[in-house]
Amino acid sequence: MNDYVSALLVDVQGKNPAEPEFHQAVQEVAESLALVLDRHPEYRHSRVLERIIEPERVILFRVPWVDDKGEVQINRGFRIEMNSAIGPYKGGLRFHPSVNLGILKFLAFEQVFKNSLTTLPMGGGKGGSDFDPKGKSDNEVMRFCQSFMSELFRHIGPNTDVPAGDIGVGGREIGFLFGQYKRLRNEFTGVLTGKGLNWGGSLIRPEATGYGCVYFAQEMLGTRKETLEGKVCLVSGSGNVAQYTVEKLLDLGGKPVTLSDSSGSIFDEAGIDREKLSFVMDLKNVRRGRIKEYAEKYQSAVYTETDPRLDHNPLWDHKAQCAFPSATQNEINGKDAANLLRQGVYVIGEGANMPATVEAVNQFVDAGILYGPGKAANAGGVAVSGLEMAQNSMRYGWTRKEVDNRLQLIMSSIHEACVGTADRFGVPGNYVDGANIAGFLKVADAMMDQGVV
Ligand code: NDP
């Protein structure tokens, strides 16, 4: 790492205390960019990276609501408008008790580079709340969403900032949020993506992150003239991304064998087939139950409860060739990475954002495996959100096949950008550097063109 980048990281830590995830995300990108900043002093001179690290705007607000017992609850709402150099702010909303400023800043920062990679004109943002939808009634979720939007509506708009879903925010929540926005603004616009199909949503949006991640893995395997056919795959999470990752793996002949939620994980050596997947979709999206029930229904599966005392996650310790972490940040630590490599995993597609710690990432890169970082591998979700915005602007909808074809093309061009950029900067096969540098260059050049703003 050069002195410029080291000094920058010290500054980021000093200025943003108690935000370890944000420091981690900046460190990973800054280390890749050392190569670029050496070759292009003009970026240093214009302090482009320093500007990218500082959000354009941070909105923090109170979200009061009344629960079913008539008691007043208070949550905290956030929107980080990180960078609008190449388009309106764009990024999901996360509702999870762990949400805080540092986590959303890391996600917004990552989003800037990811959106740049998609080839579509979208800036980066992220938002959410420490509200926990788990165990809440539909009415409670609705009242919360309405209160959240009663403040957020004044900061967003189809040409300003277009939020979407993330952890804890799916079709139900987007519906309640959109309804309240429309009521307050008296406007029917594409202000959110992930909308229902009958009211402006795009086909393939729910599937896009998982499908895109598998397409990206397929592209990486293609560089070695291999396919997913017959490959055993470890998948974590059991929400939106995990479900459609499993579906696309089945389409392409892979054999998914694990899923999880925050309470525990299942290992099904016989494979998760389509019937078992539809059970999971009903369990998680309709009945909102726990993954443990999978092992109660299918004898071939073993359930392991989450043990916070363990220094590793048993889900990553099974014989396999591919892994698709699709739950949350830092779910793979150094020990998990060592277990994955020992068990034969050589393809990793990150459905989740920053699921691997710095120590784990270094092990994957050093081992020379096909490691697709989240910014690139999970960009399919926001890419189809961009396509939803395009369809809304045209007041027109593409067919499932048209959207899926565009998604495949986008994932292929992201892959090409990563590989080509890594080659150009003398780090062939390094998808981390390739994604960070390619994502940065487009945003940095736009910022240079637009002056110091
Ligand atoms: P969902 O809420 O649909 O599912 C999240 C899954 O991960 C659930 O199974 C959840 O279990 C589990 N999980 C969440 N937090 C934790 C935790 N702290 N520890 C263990 N398990 C946890 O979210 P998504 O599938 O949409 O998102 C998953 C990941 O993918 C996130 O990192 C998100 O940022 C990323 N992503 C999502 C995109 C999208 O389009 N939705 C786009 C790009 C990235 P439980 O139910 O028990 O909480």
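The structure displayed is predicted, hence computed values, not measured ones. (Residues numbered from 1 in each chain as written. Predicted model: local features only at pLDDT ≥ 70, side-chain atom pairs only at ≥ 80, totals over all residues.)

(A) Just the overall build of the protein chain, in detail. Secondary structure summary: the protein chain contains 17 helices and 13 strands in total. In terms of overall size, the protein chain behaves like a compact globule, its C-alpha atoms giving a radius of gyration of 21 Å where 453 residues would be expected to give roughly 22 Å. The dimensions of the protein chain, computed from C-alpha atoms along their principal axes, are 60 × 55 × 45 Å. In the protein chain, which comprises 453 residues, the proportion classed as buried is 51%. Excluding contacts between residues fewer than 6 apart, the proportion of contacts in the protein chain whose partners are at least 24 apart in sequence is 74%. (Helix = DSSP H or I, 4+ residues; strand = E, 2+ residues; numbered from the N terminus. Rg over C-alpha atoms; globule rule 2.2 N^0.38 Å. Buried ≥ 20, exposed ≤ 12 C-beta atoms within 10 Å, placed from the backbone. Contact = placed C-beta atoms within 7 Å.)

(B) Region of the structure containing the packing of helix α12 (residues 334–342) against helix α13 (residues 358–367). Two elements in contact, α12 and α13, have axes separated by 7 Å at closest approach and are oriented at 30 degrees. Relative to α13, the element α12 lies roughly parallel. The hand of the α12/α13 crossing is right-handed. Only Glu359, Ala360, Gln363, Phe364 and Ala367 of α13 make contact with α12, whose side of the interface consists of Gly334, Asp336, Ala337, Ala338 and Leu341. (Axes fitted to C-alpha atoms, helices over the stretch in contact; angles between N-to-C directions. Parallel < 35°, antiparallel > 145°, perpendicular 65-115°, else oblique. Left-handed = near helix turned anticlockwise from the far one by under 90°.)

(C) How the structure looks around the site of the ligand. In the region of the ligand, 24 residues are neighbours, and Gly239, Asp261, Ser262, Ala352 and Gly381 sit closest. Its residues assigned to classes, the shell around the ligand comprises 4 nonpolar, 18 polar and 2 charged. (Near = placed C-beta within 6 Å. Nonpolar A, V, L, I, M, F, W, Y, C, P; charged D, E, K, R; others polar.)

(D) Here's a closer look at the sheet that holds strand β11 (residues 322–324). Strand order in the open sheet made by the 5 strands is β7-β6-β11-β12-β13, with parallel pairing throughout. Across the chains shown, the open sheet's two edge strands, defined by having one partner strand only, are β7 (255–256) and β13 (370–372). One ladder, built from 3 bridges, connects strand β6 (residues 232–235) with β11; its direction is parallel. Note on β11: the bridge partner recorded for Leu234 is Ala323. In the packing of helix α9 (residues 240–251) onto the sheet, the strands contacted are β6, β7 and β11, and the crossing angle to β6 comes to about 170 degrees. (Pairing = 2+ DSSP bridges.)

(E) Structural detail: the domain arrangement of the protein chain. Here the protein chain is described as being made up of domain 1 (55–188) and domain 2 (208–377). The C-alpha-based centres of domain 1 and domain 2 are spaced at 27 Å. Counting residues at the interface gives 8 residues for domain 1, matched by 7 residues for domain 2. (Domains from an automatic or database assignment.)

(F) Structural view of unusual backbone geometry. With a phi angle near 60 degrees, Ala18 is a residue other than glycine that sits in the positive phi range. Despite not being glycine, Arg47 shows a phi value in the positive range, around 50 degrees. Residue placement: Arg47 occurs in the loop between α3 (41–45) and α4 (48–53).

(G) Highlighting the pairing of strand β2 (residues 72–83). The pairing of strand β1 (residues 57–66) with β2 spans 10 bridges and is antiparallel. Among the inter-strand pairings, Arg57 is bridged to a residue of β2, identified as Glu81. As consecutive antiparallel partners, β1 and β2 are separated by 5 residues, and within that stretch Gly70 has a phi angle of approximately 90 degrees, a positive value. Of the pairings in the sheet, the one linking β2 to strand β4 (residues 124–129) comprises 6 bridges and is antiparallel in character. Of the residues in β4, the one forming a bridge with Asn83 is Gly124.

(H) Summary view of helix α10 (residues 274–286). In this model, α10 (13 residues) spans 17 Å end to end at C-alpha, consistent with the 18 Å of a helix rising 1.5 Å per residue. By the burial criterion, the buried members of α10 are Lys276, Val280 and Lys284. Relative to the axis of α10, the buried residues are bounded by an arc of 60 degrees and lie together on one face. Along α10, the residues that are exposed and aim more than 90 degrees away from the buried face are Arg274, Glu275, Ser278, Asp282 and Val286. Among the structural elements, α9, β8 (258–261) and α11 (292–297) are those in contact with the buried residues of α10. One or two positions beyond α10, positive phi appears at Arg288, with a value near 50 degrees. (Expected span 1.5 Å × (residues − 1). Arc of directions from axis to C-beta.)

(I) View of the environment of Arg51. The residue Arg51 is located in helix α4 in this model. For Arg51, a count of 16 C-beta atoms within 10 Å corresponds to the partly exposed category.

(J) Structural context of the sheet that holds β8. Pairing in this open sheet of 3 strands is antiparallel, and the strands run β8-β9-β10 from one edge to the other. The open sheet has two free edges, formed respectively by β8 and β10 (301–305), since each of these has just one partner strand. Strand-to-strand twist across the sheet, computed as the mean angle between neighbouring axes with direction ignored, equals 15 degrees. When β8 meets strand β9 (residues 264–268), the two strands line up antiparallel, connected through 4 bridges. Bridged to Asp261 within β9 is Gly264.

(K) Geometry of the packing of helix α5 (residues 101–117) against helix α17 (residues 431–450). Close contact between α5 and α17 brings their axes to 8 Å; oriented N to C, the two are set at 85 degrees. The angle between α5 and α17 places the two elements in the roughly perpendicular class. Of α17, the residues touching α5 (which contributes Val112, Phe113, Lys114, Ser116 and Leu117) are Ala435, Asn436, Ala438, Gly439, Phe440, Lys442 and Val443. Here the residues of the contact of α5 with α17 sort into 7 nonpolar, 3 polar and 2 charged.

(L) Representation of the environment of Ser262 within the structure. Along the chain, Ser262 turns up in the loop between β8 and β9. C-beta crowding within 10 Å serves as the criterion here: with 14 such atoms nearby, Ser262 is assigned to the partly exposed category. Taking the C-alpha atoms as reference points, Ser262 and Thr328, separated by 66 residues in sequence, lie 9.7 Å from one another.

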